[in-house]
Amino acid sequence: MDAFKQWNLPQPQSKMTNVLLEELVERKNAEIQFKGKSQFYGYVLSCLLLGIGCLLWYELEKNSSLFVNGFSPSLMPFFMLMVSLSIVAYFQLRKIAKKCKKAEEEFESLRLEILDRSDELFEGQLQWQNRHAVFKYLKDQHEINLYYK
């Protein structure tokens, strides 16, 4: 509840409203964190695949018959390392993408719950008038839009 005093929101808010809004901000931050991790692993995977492609192209240019002679022994450990790191990055990307989707669904369900229970959360004339200030603050500071479903 002290967080909202630091957030410079109109103060006559109920405890339930404060708890729900704090949880909404936490879920939004978790969603942003998982999206960043997902993007990072996507970049890592694409760089590794690009490196594998460059390595194969280099070997093809060096040896015209790559499949007969195989890789040069000096490059084989590096190639195997890149392939195994690509596999690890792929599975990490899948795991993080599932977590990101779950966090997004949880955030969206809480956002819709707050919109549906808006009459209940902002009881009284003063709270109802300050509702738009709360919505504007959440939109400006945390990029959470509570104006529409």
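Preceding this section is the structure that the text describes.
The rules behind these values
Residues numbered from 1 in each chain as written. Predicted model: local features only at pLDDT ≥ 70, side-chain atom pairs only at ≥ 80, totals over all residues. Heavy atoms only, no water. Helix = DSSP H or I, 4+ residues; strand = E, 2+ residues; numbered from the N terminus. Buried < 20%, exposed > 50% of the residue type's maximum accessible area, 1.4 Å probe, protein only. Contact = heavy atoms within 4.5 Å. Areas by Shrake-Rupley, 256 points an atom, 1.4 Å probe, with all protein chains shown as cover. Axes fitted to C-alpha atoms, helices over the stretch in contact; angles between N-to-C directions. Parallel < 35°, antiparallel > 145°, perpendicular 65-115°, else oblique. Left-handed = near helix turned anticlockwise from the far one by under 90°. Nonpolar A, V, L, I, M, F, W, Y, C, P; charged D, E, K, R; others polar. Core = buried A, V, L, I, M, F, W, Y, C linked by side-chain atoms within 4.5 Å. Expected span 1.5 Å × (residues − 1). Bend = angle between axes of the 7 residues up to and from the residue. Salt bridge = Lys/Arg side-chain N within 4 Å of Asp/Glu carboxyl O.

**Q** Could you give me a rundown of the overall build of the protein, with the residues and numbers involved?
**A** Helices and strands together make up the secondary structure of the protein, namely six helices and zero strands. Going residue by residue from the N terminus, the α and β elements of the protein occur as α-α-α-α-α-α. Within the protein, buried positions represent 34% of all 149 residues. A fraction of 68% describes how many contacts in the protein between residues 6 or more apart in sequence connect residues 24 or more apart. Just so you have it, the protein exposes about 9800 Å², and 60% of that area is on carbon and sulfur atoms.

**Q** Report on the environment of Ile144, specifying residues and quantitative values.
**A** Tracing the sequence through the fold places Ile144 in the segment after helix H6 (125-142). With 119 residues separating them along the chain, Ile144 and Val25 place their C-alpha atoms 7.9 Å apart. Setting aside chain neighbours within four positions, we find Ile144 in contact with Leu24, Val25, Lys28, Phe107, Phe135, Leu138 and Lys139.

**Q** Describe the packing of helix H2 (residues 15-62) against H6, listing the residues and the values that go with them.
**A** Running from N to C, H2 and H6 point in directions that differ by 20°, and their axes come no closer than 12 Å. With respect to each other, H2 and H6 are oriented roughly parallel. You can see that H2 and H6 cross each other, and the crossing is right-handed. Seen from H2, the contacting residues are Leu21, Val25 and Lys28; seen from H6, they are Val134, Leu138 and His142. A breakdown of the residues in the contact of H2 with H6 according to their chemical character gives four nonpolar, one polar and one charged.

**Q** Any details on the nonpolar core? Residues and values, ideally.
**A** The biggest cluster of nonpolar side chains holds 16 residues, and the ones touching the most others in it are Leu21, Leu24, Ile114, Leu138, Ile144 and Leu146. Secondary structure elements with two or more residues in this core: H2, helix H4 (76-116) and H6. Ile52, Leu75, Phe79 and Met82 belong to the second largest nonpolar core, which has five residues in total.

**Q** Describe in detail the side chain of Glu31, supporting the description with residues and values.
**A** Tracing the backbone shows Glu31 in helix H2. With a relative accessible area of 5%, Glu31 lands in the buried category.

**Q** So what's going on with H6? Residues and values would help.
**A** Taking 1.5 Å of rise per residue, the 18 residues of H6 would be expected to cover 26 Å, and the 26 Å separating its terminal C-alpha atoms lies within 8% of that figure. The sharpest bend along H6 comes to roughly 35°, located at Arg131. Within H6, the full set of buried residues consists of Gln127, Asn130, Arg131, Val134, Phe135, Tyr137, Leu138 and His142. Buried residues along H6 sit in contact with H2 and helix H5 (118-121).

**Q** Lay out H4 with the relevant residues and their values.
**A** Taking 1.5 Å of rise per residue, 41 residues should cover 60 Å, and H4 covers 60 Å from first to last C-alpha, within 8% of that figure. Of all the residues in H4, the buried ones are Phe79, Met82, Ser86, Ala89, Ile96, Cys100, Ala103, Phe107, Leu110, Arg111, Ile114 and Leu115. Looking at the packing, one finds that the buried side of H4 touches H2 and H5.

**Q** Give a description of the pattern of salt bridges that names residues and reports values.
**A** By the definition in use, this model includes six salt bridges. Note that Glu23 and Arg27 form a salt bridge whose closest N and O atoms lie 3.1 Å from each other. Of this pair, Glu23 and Arg27 both sit in helix H2, four residues apart, which is roughly one turn of that helix. Looking at Glu23, the relative accessible area reads 29%, which means it is partly exposed. Of the charged contacts, one joins Glu113 and Arg117 as a salt bridge, the two residues approaching to 2.8 Å between their closest N and O atoms. What makes Arg117 partly exposed here is its relative accessible area of 23%.

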